[in-house]
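Listed below, chain by chain, are the residues.
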Amino acid sequence: MKYELPIFDVKHLNFLVRGQKILSDISFEIFEGEYIAIIGPNGGGKTTLIRMLLGLETPTTGEIKIFGKKLRAFKEWYKIGYVPQRATLVDENFPATVEDIVKMGRIAKRGIFAGVSSEDREMVEDAMIKMDIINLREKMVGTLSGGQRQRVMIARALASAPKILILDEPNTGVDMLSQQRFYTLLAKLNKEENITILFITHDVGVIADDIGRLFTINEKAIICNDPKKTLSCEEVSDLYGINAHALYNHKHEHQQ
């Protein structure tokens with residue numbers, strides 16, 4: 001459902017690096033409860049766009065509003081859960097348990113010097129339950145599989161009770177079974193928790209069944225409200241610059 005006030009309101013965004021145009025005249029709105037995937041070739045500007053939404057990069061021109069506020073005036077970052085690219089690639093000797101990592105998600109909400117409250121403990125517990133990692137709480141994160149680490153990082157993002165979850169290629173280093181479980185979890189969070197989902201993926205063969213909209217980014221943006229229609233061989237071939245006829249024969253089956 002679309003509300004009058006979008007979570008993100010992006011107008012005429014442009015980004016240049018040393019005279020090279022990375023993003024060109026991009027405009028869109030993202031509303032509460034949406035489930036949106038971003039696809040596009042490497043170097044097309046997908047991650048750059050996400051970093052601008054998070055205030056980590058500054059657009060050359062254009063405007064970003066978050067919950068109606070201009071980006072520079074927005075302070076409630078706990079409303080945005082973020083899982084960066086390669087978040088699952090953790091050093092095996094990293095000295096933190098699963099619960100320690102998920103607790104870090106409360107820092108955005110309460111601040112780095114705040115003590116752990118009963119609410120914090122409840123939110124951490126709830127996030128671990130949602131991601132089905134409660135049995136791993138005392139495990140060292142470096143000993144986990146890629147799929148388990150993926151769920152830990154999502155639980156960390158969920159611990160602040162965000163309105164939107166942004167994920168940048170979250171399946172990096174994750175096996176196929178864990179990827180299928182991941183898509184099931186995302187759909188559940190969107191439908192049952194009404195969490196807005198925005199994620200970058202290269203797994204174009206499995207996303208169309210669940211997502212509501214598709215953003216294709218290759219310097220410019222094409223916003224599609226009918227992903228299954230847009231994910232045609234000709235259009236994806238044009239986007240990626242390859243023959244994409246084999247990309248859509250894979251049927252995504254949810255894991256129960």
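Scope of this entry: the structure provided in the associated data block. (Residues numbered from 1 in each chain as written. Predicted model: local features only at pLDDT ≥ 70, side-chain atom pairs only at ≥ 80, totals over all residues. Heavy atoms only, no water.)

### A few points about the packing of helix α5 (residues 146-158) against helix α6 (residues 176-193)
As a reminder, the rule being used: To obtain each axis, a line is fitted to C-alpha atoms, and for helices this fit is confined to the stretch in contact; angles are then taken between N-to-C directions over 0 to 180 degrees. Counting from the N terminus, the helices are DSSP H or I runs at least four residues long and the strands are E runs at least two residues long. An angle below 35 degrees is read as roughly parallel, one above 145 as roughly antiparallel, one from 65 to 115 as roughly perpendicular, and any other as oblique. Left-handed describes a crossing whose near helix is turned anticlockwise from the far helix by less than a right angle; the clockwise case is right-handed. Throughout, a residue-residue contact means that at least one pair of heavy atoms, one from each residue, lies within 4.5 Å. Under this grouping Gly is polar, as are all residues other than the nonpolar Ala, Val, Leu, Ile, Met, Phe, Trp, Tyr, Cys and Pro and the charged Asp, Glu, Lys and Arg.
Where α5 contacts α6, the two axes come as close as 10 Å, and the packing angle between them is 20°. Here α5 lies roughly parallel to α6, going by the angle between them. When the axes of α5 and α6 are compared, the crossing they make is right-handed. Mapping the contact onto sequence places G147, Q150, R151, I154 and L158 in α5 and S178, R181, F182, L185 and L189 in α6. Here the contact of α5 with α6 is composed, by residue class, of five nonpolar, three polar and two charged.

### A look at the sheet that holds strand β5 (residues 69-70)
Where we set the bar: In this description, strands pair whenever DSSP reports at least two bridges between them.
Taken together, four strands build an open sheet; the order of strands is β2-β1-β4-β5 and the sheet is antiparallel. Edge strands, defined here as strands with exactly one partner in the open sheet, are β2 (20-30) and β5. When strand β1 (residues 8-17) meets β2, the two strands line up antiparallel, connected through seven bridges. Bridge pairing links L13 to I26 in β2.

### Notes on the nonpolar core
Applicable threshold: What makes a nonpolar core is a set of buried Ala, Val, Leu, Ile, Met, Phe, Trp, Tyr and Cys residues whose side-chain atoms join them at distances within 4.5 Å. Exposure is judged per residue with a 1.4 Å probe applied to protein chains only, and the accessible area is read against the type maximum: over 50% gives exposed, under 20% gives buried, and values in between give partly exposed.
One finds V102, I133, I154, L165, L167 and F199 to be the most contacted residues of the largest nonpolar core, which totals 38 residues. For this core, the secondary-structure elements that each account for two or more residues are β3 (35-39), α2 (98-103), α4 (118-130), α5, β7 (164-168), α6 and β8 (196-200). Excluding residues that lie within four positions of it along the chain, I154 makes contacts with V83, M131, L165, L167, F182 and L189. Residues F28, I38, I64 and F215 belong to the second largest nonpolar core, which totals 29 residues.

### Section: the pairing of β7
Of all five residues in β7, five are buried; the element is thus mostly enclosed. Burial of the side chains of β7 extends over both faces: I164, I166 and D168 are buried on one face and L165 and L167 on the other. Where strand β6 (residues 80-83) and β7 come together, four bridges link them in parallel fashion. If you follow V83 over to β7, its bridge partner there is L167. Of the strand pairs in this sheet, β7 and β8 are connected by five bridges, and their pairing is parallel. For D168, the partnering residue across the bridge sits in β8 and is I200.

### A word on the pattern of salt bridges
The criterion, for reference: For salt bridges, the criterion is a side-chain nitrogen of Lys or Arg within 4 Å of an Asp or Glu carboxyl oxygen.
Tallied over the full model, the rule gives 12 salt bridges. When the shortest N-O distance is used, the salt bridge between E119 and R106 registers 4.0 Å. Residue E119 is found in helix α4, and its partner R106 is found in the loop between α2 and α3 (107-110); the two are separated by 13 residues along the sequence. Residue classification places E119 among the partly exposed residues on the basis of a relative accessible area of 40%.

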